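# Close look at the chain arrangement
One-letter residues, chain by chain:
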Amino acid sequence: MDMRRAFLVFTLLVVMAGCGSSHWLELTPELEHLLELINAQRAEGYTCASGYMPPAAPLTADGRLNWAAQMHAEDLDASGELDDLHTSPPGAIHFSPGTPSSERLIQAGYLYSAMGENVVRGVTTPEEALAAWLASDAGHCEGLMRATYVHAGLGKSGAYWVLDMAAPQ
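Predicted model only: the values in this text are computed from it and were never measured.

### Details of the overall build of the protein
Each helix and strand in the protein was counted, giving 6 helices and 6 strands. Each helix (α) and strand (β) of the protein, taken in turn from the N terminus, gives the series α-α-β-β-β-α-α-β-α-α-β-β. Classification of the 169 residues of the protein by burial places 44% in the buried group. Here the contacts in the protein between residues at least 6 apart in sequence split such that 66% fall between residues at least 24 apart.

### As for the pairing of strand β6 (residues 160–168)
By the criterion of burial, β6 is predominantly enclosed, with 8 of the 9 residues buried. Two elements, strand β4 (residues 112–121) and β6, share 9 bridges in a ladder whose sense is antiparallel. Paired with A114 across the two strands is A167, which belongs to β6. With antiparallel pairing between neighbouring strands as the criterion, strand β5 (residues 151–157) and β6 make up a hairpin whose turn holds 2 residues, including G158 at a positive phi of roughly 60°.

### Let's talk about the state of the cysteines
Within this structure, the stated rule accounts for 1 disulfide. Between the sulfur atoms of C48 and its disulfide partner C141 the distance amounts to 2.0 Å. Sign of the S-S torsion, about -70° for the bond between C48 and C141, identifies this disulfide as left-handed. Placement of C48 in strand β1 (residues 46–48) and of C141 in helix α6 (residues 140–145) is noted, with a sequence separation of 93 residues between them. For the pair C48 and C141, one class covers both residues: buried.

Cut-offs and rules
- Residues numbered from 1 in each chain as written.
- Predicted model: local features only at pLDDT ≥ 70, side-chain atom pairs only at ≥ 80, totals over all residues.
- Heavy atoms only, no water.
- Helix = DSSP H or I, 4+ residues; strand = E, 2+ residues; numbered from the N terminus.
- Buried < 20%, exposed > 50% of the residue type's maximum accessible area, 1.4 Å probe, protein only.
- Contact = heavy atoms within 4.5 Å.
- Pairing = 2+ DSSP bridges.
- Disulfide = S-S within 2.5 Å.

Here it is in structure tokens:
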């Protein structure tokens with residue numbers, strides 16, 4: 001009887017684990033290439049607008065962050081958003097309008113201790129996306145180079161590229 005009870009408890013735990021709100025998405029080859037470029041830059045260090053950022057460990061792709069970044073890119077693309085690129089826009093199809101990046105990561109199932117997001121619009125290659133973030137004086141370069149972040153999620157839809165970076169709790 002104890003084996004049977006242990007089996008039932010184990011089965012219940014497995015079923016409950018599958019009921020979470022976590023989402024997962026693998027990177028496309030184009031976004032894998034962008035992550036390789038980002039990590040190569042992190043390995044070298046970079047002088048951002050605020051000053052020199054020393055080398056940092058590579059970011060590891062996280063499927064939950066990939067999902068959040070891809071859904072946000074699709075929302076931006078669907079709405080043609082031109083203003084606040086870090087908040088889900090009116091006409092969003094995946095997240096409620098006004099949802100900030102911090103909430104999108106939680107909805108993806110990623111509990112973070114630190115997070116940041118970079119968005120760029122109007123570039124066509126991974127190299128151009130990275131160059132735009134490195135040239136930004138709005139903190140995108142510093143975020144990309146921040147050693148605190150260990151995971152990355154990338155998304156692309158139309159003219160929008162999204163990079164979500166985070167450290168787990």
